[in-house]
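The primary structure of each chain is shown beneath.
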Amino acid sequence: MLIKRPADIRESEITPEGLYLDRRKFIGTSGQAVIAAAGASLLGACDASAETQQKEELTPLEDVIGYNNFYEFGTGKDDPAKNAKNFRVRPWTVVVDGHVAKPATYNLEDLVRPMKIEERVYRMRCVEAWSMVIPWQGFALRDLINRVRPTSRAKYVSFTTLNDPQRMPGLRYPVLDWPYREGLRMDEAMHPLTILSTGLYGKSLLGQNGAPIRLVVPWKYGFKGIKSIVRISFVETQPQTSWNKSAPNEYGFYANVNPEVDHPRWSQARERRIGEWLRRPTLPYNGYADQVAGLYRGMDLRRNF
Ligand SMILES: Nc1nc2c(c(=O)[nH]1)N[C@H]1C(S)=C(S)[C@@H](COP(=O)(O)O)O[C@H]1N2
Ligand SMILES: [Mo]
């Protein structure tokens, strides 16, 4: 596992892309990368997770950075890569406010410096029934939450994306109610799988993937993974989210990956892993049920989709 402070990482220390290309990676239950170099399997050293290993290869970098949803840069899959090419992310501030002991406006560097950056390889599932496997770098959202100390009135966390039409040409079109907003219940935000990501494949995030900081919640549909975050608010009631507001019958607040609840216009039972031809079955909670199903015990997830 990589545990490094971003300030300590020099260019030469970042995992060279070649390492990712030469080696196959398999997903461990916690999302921690298990690297098996050809001829020298490390699986023997990780017996506990060996049985749950699924041979799922990383999605090629070119697809991860070339096939995106980021409507602030256009609605086509190749628009974000084109239109975010020169996206300026420095300086960048993140407001943390609402029901917290320590509300503050952080320079991104100050927000990230104390956090433990580690690698998480996660399966990602878009509500449009395609999926990827992405090696993220980031830190547990709960470590930030513990730092800013929400009060007992904080029941949800609300996130907001940058809303600057000068830098985000897609904002000129009213496809969503801008700015893009998402939210999590506090226990979802505190779950150890939930991360704020600052990089992927060993490099800082590119604009199209949500530079300089975005949310990653691997058991939920991709739209929960809000990009280019400028505000994190601790609130008492369930916050508005952009997709739920635009089409409440299609996109719920919870948005847990569920092969049994179809989207009104298509099935969610299967998915196309980008780079593969045969579709594969979609797993409940995107394959993370053993870790997150308990969060929803007693809830009707057909109603609370
Ligand atoms: N601000 C913002 N965040 C967003 C989106 C968006 O349009 N705007 N699209 C979401 C959707 S639908 C998906 S599937 C993921 C895609 O993330 P990726 O392009 O890094 O794979 O980003 C999510 N985050
Ligand atoms: Mo998506």
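Reading the values: rules and limits
- Residues numbered from 1 in each chain as written.
- Chains lettered and ligands numbered in written order.
- Predicted model: local features only at pLDDT ≥ 70, side-chain atom pairs only at ≥ 80, totals over all residues.
- Heavy atoms only, no water.
- Helix = DSSP H or I, 4+ residues; strand = E, 2+ residues; numbered from the N terminus.
- Buried < 20%, exposed > 50% of the residue type's maximum accessible area, 1.4 Å probe, protein only.
- Contact = heavy atoms within 4.5 Å.
- Areas by Shrake-Rupley, 256 points an atom, 1.4 Å probe, with all protein chains shown as cover.
- Phe/Tyr/Trp six-rings, centres within 6.5 Å; stacked < 30°, edge-to-face > 60°.
- Lys NZ or Arg CZ within 6 Å of the ring centre and 35° of its normal.
- Near = heavy atom within 4 Å.
- Polar contact = N/O pair within 3.5 Å; in protein donor to acceptor, adjacent residues only side chain to side chain.
- Nonpolar A, V, L, I, M, F, W, Y, C, P; charged D, E, K, R; others polar.

Q: A description of the overall build of the protein chain should follow, citing residues and the corresponding values.
A: Of the regular secondary structure elements, the protein chain holds nine helices and 14 strands. Here the protein chain holds 305 residues, and 51% of them are scored as buried. Looking at the protein chain alone, contacts between residues at least 24 apart form 71% of all its contacts between residues at least 6 apart. In the structure as shown, the protein chain presents an accessible area of about 14,500 Å², 51% of it carried by carbon and sulfur atoms.

Q: I'd like to hear about the packing of aromatic side chains, residue by residue, with values.
A: For the coordinates displayed, the defined rule picks out twelve aromatic pairs. For the pair Phe70 and Phe73, a centre-to-centre distance of 4.9 Å together with 80° between the ring planes defines the contact as edge-to-face. Ring geometry for Phe223 and Tyr251: centres 5.5 Å apart, planes at 80°, overall edge-to-face. Note that Phe223 is positioned in the loop between β11 (214-216) and β12 (229-235) and Tyr251 in the loop between α8 (242-246) and β13 (270-273), a separation of 28 residues in sequence. One exposure class covers both Phe223 and Tyr251, and it is buried. Just above the ring of Tyr288 sits the side chain of Arg123; from NZ or CZ to the centre is 5.0 Å. In this arrangement the basic side chain of Lys224 is found over the ring face of Phe253, its NZ or CZ atom lying 4.2 Å from the centre.

Q: Please set out the site of ligand 1 residue by residue, giving values where relevant.
A: In the neighbourhood of ligand 1, 15 residues make up the surrounding shell, with Asn68, Tyr71, Glu72, Gly225 and Lys227 lying closest. Within the backbone of Asn69, an N or O atom sits 3.3 Å from a nitrogen atom of ligand 1. The side chain of Thr161 places a nitrogen or oxygen atom 3.0 Å from a nitrogen atom of ligand 1. Burial of ligand 1 by the protein chains amounts to 95% of its free accessible area of 530 Å². The residue makeup of the shell around ligand 1, split by class, is six nonpolar, six polar and three charged.

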